[in-house]
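Overview (structure and organization)
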Amino acid sequence: MNFGQNLKRLRLSKDLTQEQVAQKFNVTTQTISRWECSSTYPDVLLLPELSKLYGVTIDDLFKEDSISYENYAHRLLSIYEETQKFEDFLRADYEFEKLIQSGKYSSKDLCMYGILHQNLMTSAKNKAETIFKQGLDANIDEDIETKEWIKRQYILLLYQTGRNTENIENCLNEIKTNHNNHYTYVNIIFSYLLDNNPQEAIKWFEEGVEKFSDSYLLYFYGANAYKDINDFETAIKYYKKAWELDQSFTMVLRALASCYEEVNDYESALKTWQETKNWLEAHGYTIEANSIEKDIKRCKK
């Protein structure tokens, strides 16, 4: 099938007359007829608009098995579904956004736009899981803390995708075979906190901290568990202990300041927020330090 026959087939699939297409491109009906008879060809600059009118890509204009989609955005969605390439997602997203902004969209268009992002979410989840597993399996000369940080990010990913039961099962199995590693306790506490079960997290914290009294992460996540049950006094005690053990983990200071605010101790909260800002500035994290200014102002009121 030649190019002209394709144009005719795609036009008819859209229920368009030659007159309607001619008006769209400000040419005569005879011109459209000549295009479809392949006696002449449209200017190459018209091909993008022709393809969008017929709900296809430019390449589709030359394929005898191409079909006409409801609009160009739908066609780009189909391409992304096939390739799963991020650049194809961006093309489709841009076209859907233009369609929405034009006001000329249907409920089906909105559903298809949602499907586009749903596909991205699935693709991103699978990609993230693959990368985290690669990081855990990689034989790169890195410290154990980095490996365990990757593992906690993987735990968070499983939680975000509705697989926290799998997290807990994995952590329970690991602690049976590797109970002499404080990270196994950190991970199971983290998993139970994600599962909104601070009481179980506290149980594992108390067992873990008896074995590993010098783990700042254990104290941090244990403090989080006590904070979740509104035992702010105990949470503050353990946040302080975590900071005493490692004064580079500023998430501890942020959590500590937040706890002080919970008990209306704004003087201590202000002092802690200021300490956090000073630490960040001293280590070159200017943007992060500036973001804390709002917390400082809140405590000064």
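Refer to the structure above for everything that follows.
Attention here is on the structure that accompanies the text. (Residues numbered from 1 in each chain as written. Predicted model: local features only at pLDDT ≥ 70, side-chain atom pairs only at ≥ 80, totals over all residues. Heavy atoms only, no water.)

**A closer look at the packing of aromatic side chains**
Applicable threshold: Only Phe, Tyr and Trp rings are paired, with Trp represented by its six-membered ring, and only when their centres lie within 6.5 Å; those with planes under 30 degrees apart are stacked, over 60 edge-to-face, the remainder tilted. Put simply, DSSP marks the helices as runs of H or I at least four residues long and the strands as runs of E at least two long, and each gets a number from the N terminus on. Throughout this description, buried means an accessible area under 20% of the type-specific maximum (1.4 Å probe, protein chains only), exposed means over 50%, and partly exposed covers the range between.
This model, assessed by the stated rule, comprises 19 aromatic pairs. Aromatic side chains Tyr 185 and Trp 204 sit 6.1 Å apart centroid to centroid with 55° between the ring planes, which places their arrangement in the tilted category. Of the two residues, Tyr 185 is situated in helix α10 (residues 182-194) and Trp 204 in helix α11 (residues 198-211); the sequence distance between them amounts to 19 residues. Relative accessible area serves as the criterion here: at 1%, Tyr 185 is assigned to the buried category. Ring centres of Phe 205 and Tyr 238 lie 5.0 Å apart, and the angle between their planes is 70°; this geometry places the pair in the edge-to-face category.

**Describing unusual backbone geometry**
Despite not being glycine, Asn 26 shows a phi value in the positive range, around 55°. Using a relative accessible area of 71% as the deciding quantity, one classes Asn 26 as exposed. Despite not being glycine, Asn 264 shows a phi value in the positive range, around 65°. On the secondary structure map, Asn 264 appears in the loop between α14 (251-262) and α15 (266-282).

**Overview of α14**
What counts, and what does not: One less than the residue count of a helix, multiplied by 1.5 Å, gives the span that helix is expected to have. Throughout, a contact is declared for two residues whenever any of their heavy atoms are within 4.5 Å.
With twelve residues, α14 should reach 16 Å at 1.5 Å per residue; the first-to-last C-alpha distance of 17 Å fits that figure. Within the span of α14, buried status applies to Val 252, Leu 253, Ala 255, Leu 256, Ala 257, Cys 259, Tyr 260 and Glu 261. Buried residues along α14 sit against α12 (216-228), α13 (232-245), α15 and α17 (293-300). After α14 finishes, the residue Asn 264 shows a positive phi value of roughly 65°.

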